[in-house]
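# Summary of the model geometry
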Amino acid sequence: MAGGDALTWKEFGEEHLVALTELAAACLAVDGGLPLFARTPLLRARLLQTRTLGVWHDGGLVAAVGVGPVREPATSTGLVHPAWRGRGLGSWLLSWAEEQAGDAGLLLTTESWSPGADDLFTARGFERIFTEWVLRHDLDALPDVARPDDLRTEPVTWEIGPELFETYGASFSDRPGFAAPTAEEWLGELRDDDEYRPDLSLLARGPDGRPIGFLNVIDNWIDQVGVVPDWRGRRVGAYLVASVLRALAGDGAREAWLCVNDNNPATDLYRRLGFRDVGRRARYLRRRP
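Residues numbered from 1 in each chain as written. Predicted model: local features only at pLDDT ≥ 70, side-chain atom pairs only at ≥ 80, totals over all residues. Heavy atoms only, no water.

### Observations regarding the nonpolar core
Proteins that are soluble and globular tend to have nonpolar side chains buried together. Going by this rule: What is meant by a nonpolar core is a set of buried Ala, Val, Leu, Ile, Met, Phe, Trp, Tyr and Cys residues, joined one to another through side-chain atoms within 4.5 Å. Residue exposure (1.4 Å probe, protein chains only): buried if accessible area is under 20% of the type maximum, exposed if over 50%, otherwise partly exposed. Here a strand is any run of E in DSSP of at least two residues, a helix any run of H or I of at least four, and the numbering for each starts at the N terminus. Residue contacts follow a heavy-atom distance rule, with two residues in contact if any of their heavy atoms lie within 4.5 Å.
Among the nonpolar cores identified, the biggest contains 31 residues, and Leu215, Ile222, Val241, Tyr270 and Phe275 are the most heavily contacted of them. Sort the elements by how many residues they give to this core and helix α7 (residues 236-250) lands first, with 9 residues. Val241 has contacts with Leu215, Ile222, Val225, Tyr270, Leu273 and Phe275, leaving out every residue within four places of it along the chain. Trp9, Leu53, Val55 and Val80 belong to the second largest nonpolar core, which has 25 residues in total.

### Let's talk about a negative patch on the surface
The criterion, for reference: Patch construction takes residues with relative accessible area above 30% that form no salt bridge. Like charges are linked within 9 Å, and nonpolar side chains (Val, Leu, Ile, Met, Phe, Trp, Tyr) are linked within 5 Å. In these tables, accessible area is a Shrake-Rupley quantity obtained with a 1.4 Å probe, and a residue counts as shielded only by the protein chains included in the view. One side-chain nitrogen of Lys or Arg within 4 Å of one carboxyl oxygen of Asp or Glu is enough to make a salt bridge. Under the counting rule used here, the positive set is Lys and Arg, the negative set is Asp and Glu, and His together with the chain ends is not counted. In this description, the location of a charge corresponds to atom NZ of lysine, CZ of arginine, CG of aspartate or CD of glutamate.
A grouping of Glu184, Glu185, Glu189, Asp192 and Asp194 is seen on the molecular surface, where their side chains present a negatively charged patch. In this structure, Asp194 sits in the loop between α6 (183-192) and β9 (202-205). Classification of Asp194 by relative accessible area gives exposed; the value is 78%.

### Let's talk about the side chain of Ser171
Note that Ser171 resides in helix α5 (residues 161-172). Leave out the neighbours within four places in its chain, and Ser171 touches Phe214, Gly226, Val227, Val228 and Arg232.

### Focus: the state of the cysteines
For clarity, the threshold we go by: Only a pair of cysteine sulfur atoms within 2.5 Å qualifies as a disulfide here.
Enumeration according to the criterion identifies 0 disulfides in this entry. Free cysteine Cys27: the closest other cysteine sulfur is in Cys259, separated by 17 Å. Classification of Cys259 by relative accessible area gives partly exposed; the value is 24%.

### Digging into the pattern of salt bridges
One pass over the full model with this rule turns up 22 salt bridges. Across the pair Arg286 and Glu98 runs a salt bridge whose closest N-O atoms are separated by 3.7 Å. Of the two residues, Arg286 is situated in strand β13 (residues 276-286) and Glu98 in helix α3 (residues 89-101); the sequence distance between them amounts to 188 residues. Taken as a pair, Arg286 and Glu98 share a single burial class, namely buried. The partner of Arg197 in a salt bridge is Asp199, with the nearest N and O atoms 2.7 Å apart. Residue Arg197 is classed as partly exposed on the basis of its relative accessible area of 21%. With relative accessibility at 45%, the residue Asp199 sits in the partly exposed group.

### Considerations on the packing of aromatic side chains
Counted only if it meets this: Here a pair means two rings of Phe, Tyr or Trp (six-membered ring of Trp) with centres within 6.5 Å. Their orientation is stacked below 30 degrees between planes, edge-to-face above 60, and tilted elsewhere. To sit over a ring, a charge needs its Lys NZ or Arg CZ within 6 Å of the ring centre and within 35 degrees of the ring normal.
Under the defined criterion, the tally for this structure stands at 15 aromatic pairs. Between Phe121 and Tyr284, the aromatic rings sit 4.9 Å apart at their centres with planes inclined by 65 degrees, giving edge-to-face as the arrangement. Here Phe121 is found in helix α4 (residues 115-123), whereas its partner Tyr284 is found in strand β13, with 163 residues between them in sequence. In this structure, Phe121 and Tyr284 share a single accessibility class: buried. Geometrically, the ring pair formed by Tyr168 and Phe172 is tilted, given 5.4 Å between the ring centres and 50 degrees between the ring planes. Placement of both Tyr168 and Phe172 in helix α5 is noted, with a separation of 4 residues, approximately one turn of the helix. Comparing Tyr168 with Phe172, the two get one shared label, buried. Over the aromatic face of Trp84 sits the side chain of Arg87, whose NZ or CZ is 4.1 Å from the ring centroid.

### What to know about the pairing of strand β3 (residues 51-57)
Stated formally: One requirement defines pairing of two strands: DSSP has to find at least two bridges between them.
In terms of burial, β3 is a largely internal element, 5 of the 7 residues being buried. Two strands pair when backbone bridges link them, and strand β2 (residues 7-10) and β3 are joined in this way by 4 bridges, in the antiparallel orientation. Each bridged residue has a counterpart across the sheet, and for Trp9 the counterpart in β3 is Val55. Strand direction decides the pairing type here: β3 and strand β4 (residues 60-68), joined by 7 bridges, are antiparallel. Its bridge partner being in β4, Gly54 is matched across the sheet by Ala64. Between β3 and β4, which pair antiparallel one after the other, the connecting turn spans 2 residues, and Asp58 there sits at a positive phi close to 50 degrees.

Take a look at the structure:
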């Protein structure tokens, strides 16, 4: 159907991946956020859902939304090109997504958070349930963190996979809402990820040889950092991060990335180590009526 300013509203699909990529890149350039959103795997997962609606002007895609109404809650991700904001497109697309969800709850995902989207979602009764900072470290300046006494580290191998999983569980089990996967699930995801770097990932051991911390690297992303409770506050996490930043730089990477929950106290540590904010990502939920 046609709208104001000669807009055309129609479904989009796999054949429009280039246009979707350009739209995501335009939003990331203005709002910041998760750079992986402009890459095909995540873009496809977020926007090429069961039902889609795009807004086109002179052959260019200026807004898009995808909805997956099969699960409870239904899921949706939408984008409006920065040059086309303030014209009601986001509100129209959100109304369409709510119609597709019907009586189900609706979970909105944004990998490129903006204050305007936050205002729209909260005004429509959605609750922000998750927010992460996206941080980048330019590897031309590296932090120097002294090795904690009696600490040794080793690269990850699949032979120590069970210890790695146990350390992950011990590091995160005291976090509110933590739901531990099985070892098979957690290690299987690492094995199946072509970009997982066990050679750069680290397991830390204390003086008795027991694991006390870990860090996983995926491509040039610090994916997870954990320290068991008894060893927190002893520079273990800082040392692991600094060591991996040096390893990434030595491997030829120019930058490193990580995401951290906005209420995680480790955020201050990462910023002290030289990470800089490049945006946020968030989740909003409207529960079933």
